[in-house]
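# Results of the structural survey
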Amino acid sequence: MIHTIIQEELYDAKYVEEHTEGFENLKAATAATTPEAMSPICGIAPEVIKQTARTYANANAAMIFWGMGVSQHTHGTDNARCLISLALLTGNVGKPGSGLHPLRGQNNVQGASDAGLIPMFFPDYKPVTDPETRAKYEKFWGAELDPERGLTVVEITDAAYEGTIKAMYIMGENPAMSDPDQNHARAALARLDHLVVQDIFMTETAAFADVILPASAFPEKTGTVTNTDRRVQLGRQAVNPPGDARQDWWIITALANRLGLNWSYEHPQDIFGEMRMVMPSLTGISWSRLEAEDAVTYPCADETSQGQDVIFGDAFPTPSGRGRMTPADILPPDEQPDADYPIVMSTGRLLEHWHTGSMTRRATVLDALEPTAEVHISPDDLSSLSAKGGDMIAVETRRGRIELAARMDPNLPKGMIFVPFCFTEAPANMLTNPALDPYGKIPELKFSAARLSLIEQAAVAE
């Protein structure tokens, strides 16, 4: 709906004409999405929608940040496409103070993606299905590479459940807590013939493992991380790992050599040097430069050039050189509230606890601040249950039930609850929906139909 206002009144016509394609398709697709029509759907007054659109479009430069609340839906890719079209429409790309920035879940998600950990891409986002690209990497590594797109996280879990994946090697991840529909996810882990977990703590996932490899924490290792602003930073080992723990690269290299691959890496510098050979984005960033400067933003023309803080100033990496606007339909969630499950449940993190809590719940100060699994409920919904803060509440969806304490949250609208997913004693992802976005294959973790019930004190005492 914001697109509609901007198209009618405020769009940067010169920028759109010179730098984008698909504007007419977008305009036709969003013609009916007026603020008045959209207000009942999104729960925001039409005047607020109009003012928001005008504030964004009239800014000298405006930047969009978004988190997983945008992407973790069955229409999450379309959500991101709409944000991209919005920035293109207003010319808020390619100039200082503008652009789009997904807020990553941790410090090196960007770097991992750049390096090829997305299952349908080689390093620097080269598609695995492209024969020319694949031939280049096969020649470089002296190995035959799979031409098929890989599976994403939930697809891997489904394949393990069905028995088509027999073994898994999980490093620094806790799917027994973070995957949706955890009864299904944990059953999938249990069906594997062999599971290796590499981590710094005994996690819920490690409890399923046949082999646990003790890894090292951030202060215990040397290497680079890349953040959402494309800033490559060098982290230096400050303390030794405890006991027999080892740095991740050392463990993987040792395993590869026992499998007969004859890898010869002796330091993270060697690995970074290889990355530079296959990643043009790192051409101007050498290890010695990182040691001297601590952090460098890519792309750089060469090792003596300043990194580019702003990209897409002249063109986009498309065949036409122009940005592409993509129309999107208004799509409902995969699972909507009904008479049996009338509440919308969303999940996420707390300020004090990161992700599944495997690290932060071991931090005594942080755990003292947020020690208890609680469901955040609006005052109206709490009153309708004849409950108060601290009472035990059962939260149910079509996939399961958990019990946790109530917390009154006046910032929540009536009909919506929030459940943190870091508490193993009340795991929110027992309840979440594994339905996937058809493009990004991200599950709909942020929207499930749920119901609440007050657990009577006699039952709690028992």
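Everything here concerns the structure above.
First, a word on scope: everything that follows refers to the structure included in this document. (Residues numbered from 1 in each chain as written. Predicted model: local features only at pLDDT ≥ 70, side-chain atom pairs only at ≥ 80, totals over all residues. Heavy atoms only, no water.)

## Considerations on unusual backbone geometry
The step from Tyr-298 to Pro-299 runs through a cis peptide bond, and the omega angle for that step is 0 degrees. Of note, Pro-299 is situated in the loop between β11 (295-297) and β12 (323-324). One non-glycine residue with positive phi stands out, namely Ser-386, at about 55 degrees. Within the secondary structure, Ser-386 sits in the loop between α17 (379-384) and β15 (392-397). Assessed through its relative accessible area of 64%, Ser-386 is described here as exposed. Phi is positive for Lys-441, which is not a glycine, with a value near 60 degrees. Along the polypeptide, Lys-441 turns up in the loop between β17 (416-420) and β18 (448-454). (Helix = DSSP H or I, 4+ residues; strand = E, 2+ residues; numbered from the N terminus. Buried < 20%, exposed > 50% of the residue type's maximum accessible area, 1.4 Å probe, protein only.)

## Some words on the pattern of salt bridges
Under the defined criterion, the tally for this structure stands at 21 salt bridges. For Lys-221, the salt bridge identified is with Asp-248, shortest N-O distance 2.7 Å. In this pair, Lys-221 is assigned in the loop between β8 (211-214) and β9 (223-226) and Asp-248 in helix α13 (residues 248-258), connecting sequence segments 27 residues apart. What makes Asp-248 buried here is its relative accessible area of 17%. Between Arg-276 and Glu-303 there is a salt bridge; the shortest N-O distance is 3.3 Å. With Arg-276 in helix α14 (residues 268-278) and Glu-303 in the loop between β11 and β12, this residue pair connects regions lying 27 residues apart in the sequence. Among the residues examined, Arg-276 registers a relative accessible area of 23% and is labelled partly exposed. A network of salt bridges, in which partner residues are shared, links Glu-335, Asp-338, Arg-398 and Arg-399. (Salt bridge = Lys/Arg side-chain N within 4 Å of Asp/Glu carboxyl O.)

## Thoughts on the nonpolar core
Ile-393, Val-395 and Ile-417 are the most contacted members of the largest nonpolar core, which totals 27 residues. Elements with a minimum of two residues in this core: β13 (343-348), β14 (374-377), β15, β16 (400-408), β17 and β18. (Core = buried A, V, L, I, M, F, W, Y, C linked by side-chain atoms within 4.5 Å.)

## Considerations on the side chain of Ser-281
By the element assignment, Ser-281 lies in the loop between α14 and α15 (287-293). Once residues lying within four places of it in the same chain are set aside, the contact partners of Ser-281 are Asp-124, Tyr-298 and Pro-299. (Contact = heavy atoms within 4.5 Å.)

## Here we look at helix α12 (residues 182-191)
Side chains of residues three or four places apart in an α-helix project in the same direction, reflecting 3.6 residues per turn. Inspection of α12 places Gln-182, Ala-185, Ala-188 and Leu-189 among the buried residues, and these make up the whole buried set. Viewed along the axis of α12, the buried residues span an arc of 120 degrees, placing them on a single side of the element. (Arc of directions from axis to C-beta.)

## Re the packing of helix α4 (residues 35-42) against helix α5 (residues 46-58)
Each pair of packed helices gets described by two things: the angle between the helix axes and the distance between those axes. At a minimum axis separation of 8 Å, α4 and α5 run at an interaxial angle of 110 degrees. Considering their axes alone, α4 and α5 lie roughly perpendicular with respect to each other. Of the residues in α5, those in contact with Pro-35, Glu-36, Ser-39 and Cys-42 of α4 are Pro-46, Ile-49 and Lys-50. Here the residues of the contact of α4 with α5 are counted per class, giving 4 nonpolar, 1 polar and 2 charged. (Axes fitted to C-alpha atoms, helices over the stretch in contact; angles between N-to-C directions. Parallel < 35°, antiparallel > 145°, perpendicular 65-115°, else oblique. Nonpolar A, V, L, I, M, F, W, Y, C, P; charged D, E, K, R; others polar.)

## Comments concerning the sheet that holds β17
Strands sit in the order β13-β17-β14-β16-β15-β18 around a closed barrel of 6 strands; the barrel is mixed. In this sheet, adjacent strand axes meet at a mean angle of 45 degrees when their direction is disregarded. The pairing of β14 with β16 spans 4 bridges and is classified as parallel. In the sheet register, Ile-377 faces β16, and the bridge partner there is Met-408. (Pairing = 2+ DSSP bridges.)

## Quick notes on the environment of Leu-189
By the secondary structure assignment, Leu-189 is in helix α12. Residues Leu-189 and Glu-303, 114 residues apart in the sequence, show an inter-C-alpha distance of 46 Å. Every residue in contact with Leu-189, bar those within four places of it in the chain, is listed here: Ile-170, Ala-176, Leu-195, Thr-205 and Phe-208.

## Section: the pairing of β9
With 4 bridges joining them, β9 and strand β10 (residues 231-235) adopt antiparallel strand pairing. Within β10, the residue paired with Val-225 across the bridge is Gln-233. Where β9 hands over to β10, the hairpin turn is made up of 4 residues, of which Arg-230 adopts a positive phi near 65 degrees.

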